[in-house]
Amino acid sequence: LMMLKLFGIILFCGLLSPSQEVLSGLSCAVSPGAMQNVLSNAILQKGLLQQHLQGLVLPNIMGDGGLLTSPTSITGLRLVKVGVPRLSVVLLPSIGVQLTIAARLELSGNCLVGLLSDLIDILVDVNVTANIKCTNFESGTVQVIIEDCLCILGAIKIKLLSGLLSLPVNDIVLNKLTATLPGLVSLRTALLPQQKHTTTRNNTFRAVIPVGTAGTIHYQLASLPFTSGLFLGLDLDGVVKQVGGSIIPHDSSPSALPPLLGKLLILGLRQSFLNAVLFLLLQIPLQTFPCTPEMFSGASRLQEAIRTLVPAGCSDCHGTSPLSITISLSGKPFILLEDNKATVELSVMIQVFIKRLDGPILNLLLLKADLGLNVRVSVVGGRLVLGLSLG
């Protein structure tokens, strides 16, 4: 769904604000699991974290030695491999989202102990966390803030090619990495690679989605997204425009979101918004066709039934000229939402007439029909589909 892609942009930015649960217009509740999936795809699977880590410039490690130990130097230290990272998300009410990434880094370099040169491999577990929130909402634009970035080192394993590892080398490596690596591995730098000297970024969420050739729907954030601790809530403004720019009005008064109940995401569309979209979609032009068996099977019976209603004194009405039918939409269609049920109500004008040989039209019947169509909602090819059928 296009909407899911748009939510992915918001989730990546971590837009959160103090908790509330009443939304207006279009609304969406996103579970922590869905956020974790989107963020994992953006940060891990698409290589954002890998790019950040590959760019690390690791310092040389020097030890002066002592009375019983030789001077030690480790140079050319580089990242060789990142073990499969794990990402987790925790919603923090009134704060934002806490993002945590756990990974194992494999480092390699050259080690010189006294006059002995050797290759050194270092395995270090890191746990990187950051709190992400947003402030200063204005016209669909928010300021994303990444703060409280921490990198905590876990177990460190050191191996020399020769297999000979002295206690001083182990202590030197442990002390140096503990002092320097947390300052190098930062989610702030990974998420804002072009803004290394700031913790904030302005993000604008606006999108235009075409609705066939009839018009467009314009989305933008209506307010700061919020978290209740159980889900991330998004409140969107949706403007429905016809071709030419005229806006189809709809009510955007507050409504409440239903509980997630184990679902990854719930999208709430107000009935008034759906009516505006339905009006855009059902711009049905005037339909005129002959009342013949080639057009529909019951044409002959319909002609007989209509001609019996015509006064006997109307010679033109009882002639051999075929009947014609015109169907046009009358008024605006209306969708009615009920529990586990949706119905589209619309009115059509049906005109039955004879077109005389000399040109004038003779109207035989003008009928207004109020239809109630059952709605079947489905998602096909990433699109929301409303199937309409007579009951």
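Residues numbered from 1 in each chain as written. Predicted model: local features only at pLDDT ≥ 70, side-chain atom pairs only at ≥ 80, totals over all residues. Heavy atoms only, no water.

Colleague: Just to check I follow, could you spell out the overall build of the chain for this structure?
Modeller: Counting its secondary structure elements, the chain contains seven helices and 21 strands. When the 391 residues of the chain are sorted by exposure, 40% land in the buried category. Across the chain, the fraction of contacts at a sequence separation of at least 24, relative to all contacts at a separation of at least 6, is 63%. Here the chain has roughly 21200 Å² of accessible surface; of this, 58% comes from carbon and sulfur atoms. (Helix = DSSP H or I, 4+ residues; strand = E, 2+ residues; numbered from the N terminus. Buried < 20%, exposed > 50% of the residue type's maximum accessible area, 1.4 Å probe, protein only. Contact = heavy atoms within 4.5 Å. Areas by Shrake-Rupley, 256 points an atom, 1.4 Å probe, with all protein chains shown as cover.)

Colleague: I keep staring at the pairing of strand β10 (residues 206-211) and nothing clicks. Help me out?
Modeller: Alternating positions in β10 separate cleanly, A207, I209 and V211 being buried on one face and R206, V208 and P210 remaining unburied on the opposite face. Of the pairings in the sheet, the one linking β10 to strand β11 (residues 215-221) comprises six bridges and is antiparallel in character. If you follow P210 over to β11, its bridge partner there is T216. Between β10 and the antiparallel strand that follows it, β11, lie three residues; G212 among them carries a positive phi value of about 60°. (Pairing = 2+ DSSP bridges.)

Colleague: Honestly, the side chain of T100 in this entry has me stumped. Any pointers?
Modeller: Relative to the helices and strands, T100 is located in strand β6 (residues 96-113). The residues touching T100, leaving out its near neighbours within four places in the chain, are R86, L87, S88, N127, V128 and T129.

Colleague: When you look at the packing of aromatic side chains in this model, what are you seeing that I'm missing?
Modeller: Any two aromatic rings considered together are summarised by their centre-to-centre distance and by the angle between their planes. Counted by the stated rule, this structure contains two aromatic pairs. On the numbers, 6.5 Å between centres and 70° between planes, the contact of F226 with F231 is edge-to-face. Since its relative accessible area comes to 1%, F226 is described here as buried. Take F231: its relative accessible area is 11%, and that puts it in the buried class. With 6.4 Å between their ring centres and 90° between their planes, F289 and F296 make a pair best called edge-to-face. Of note, K332 hangs over the ring of F279, and the distance from its end group to the ring centre comes to 5.3 Å. (Phe/Tyr/Trp six-rings, centres within 6.5 Å; stacked < 30°, edge-to-face > 60°. Lys NZ or Arg CZ within 6 Å of the ring centre and 35° of its normal.)

Colleague: What's the story with the sheet that holds strand β18 (residues 323-338) in this structure? I'm lost.
Modeller: One key point about sheets: their strands pair by backbone hydrogen bonds, in either a parallel or an antiparallel sense. What the five strands build is an open sheet, ordered β17-β18-β19-β20-β21; its pairing is antiparallel. If you trace the sheet from one side to the other, it starts and ends with β17 (287-290) and β21 (383-390), each paired once. Ignoring which end each strand starts from, the neighbouring axes of this sheet average 30° apart. Both strand β20 (residues 361-380) and β21 contribute to a ladder of eight bridges, which runs antiparallel. Each residue of the ladder has a partner; that of R376, found in β21, is G387. Packing of helix α6 (residues 271-281) onto the sheet brings it into contact with β18 and β19 (341-355), and relative to β18 it is tilted by some 160°. Contacts between helix α7 (residues 299-309) and the sheet are confined to β18, β19 and β20, with β18 contributing the most and set at about 100° to the helix. (Axes fitted to C-alpha atoms, helices over the stretch in contact; angles between N-to-C directions.)

Colleague: I keep staring at the confidence of the model for the chain and nothing clicks. Help me out?
Modeller: As a note on interpretation, predicted positions should not be read in detail where pLDDT is low. Of all residues in the chain, 83% have pLDDT values of 70 or greater, and the mean over the chain is 78. Within the model, pLDDT remains below 50 along residues 1-24, and this stretch shows 89 contacts once partners closer than five positions in the same chain are excluded. (pLDDT = per-residue confidence, 0-100.)

Colleague: I keep staring at a nonpolar patch on the surface and nothing clicks. Help me out?
Modeller: A cluster of nonpolar side chains, namely V377, V379, L384, L386 and L388, defines an oily patch on the protein surface of about 410 Å² accessible area. Mapped onto the nonpolar patch, the elements with two or more residues apiece are β20 and β21. Looking at the secondary structure, you find V377 in strand β20. A residue is classified by how much of its surface remains accessible, and V377, at 51% relative accessible area, is exposed. (Patch = residues over 30% accessible without salt bridge, like charges linked within 9 Å, V, L, I, M, F, W, Y side chains within 5 Å. Salt bridge = Lys/Arg side-chain N within 4 Å of Asp/Glu carboxyl O.)

Colleague: Quick question: what am I supposed to make of the pattern of salt bridges here?
Modeller: Where charged atoms from two side chains of opposite charge come close, those side chains can pair. Under the definition given, this model contains one salt bridge. The partner of D125 in a salt bridge is R104, and the shortest N-O contact between them spans 2.7 Å. Here R104 lies in strand β6 and D125 lies in strand β7 (residues 116-138), a separation of 21 residues in the sequence. Look at D125 and you get partly exposed, because its relative accessible area is 21%.

Colleague: Help me understand the environment of C149, please; the structure alone is not making it clear to me.
Modeller: Its location among the elements puts C149 in strand β8 (residues 141-160). What makes C149 partly exposed here is its relative accessible area of 21%. Sequence spacing of C149 and L99 is 50 residues, and the spatial spacing of their C-alpha atoms is 9.5 Å.

Colleague: What am I meant to see in the environment of S139 here?
Modeller: Tracing the sequence through the fold places S139 in the loop between β7 and β8. Once the C-alpha coordinates of S139 and R206 are considered, the two residues, 67 residues apart in sequence, prove to be 9.5 Å apart. Setting aside chain neighbours within four positions, we find S139 in contact with R206 and Q220.

Colleague: Would you take a moment to explain the nonpolar core for this structure?
Modeller: Membership of the largest hydrophobic core comes to 49 residues, with the highest contact counts inside it found for L105, L107, I120, I122 and V126. Excluding anything up to four places from it in sequence, I120 contacts I74, L107, S108, G109, N110, C111, I158, K159, L160, V169 and V173. Counting 16 residues, the second largest nonpolar core, distinct from the first, contains L26, V211, I217 and L236. (Core = buried A, V, L, I, M, F, W, Y, C linked by side-chain atoms within 4.5 Å.)

Colleague: Would you mind showing me how to read the side chain of S272 here?
Modeller: By the secondary structure assignment, S272 is in helix α6. In this structure S272 comes out as buried when scored by relative accessible area, which is 17%. Ignoring anything within four residues of it in the chain, the contact list for S272 reads H250 and D251.

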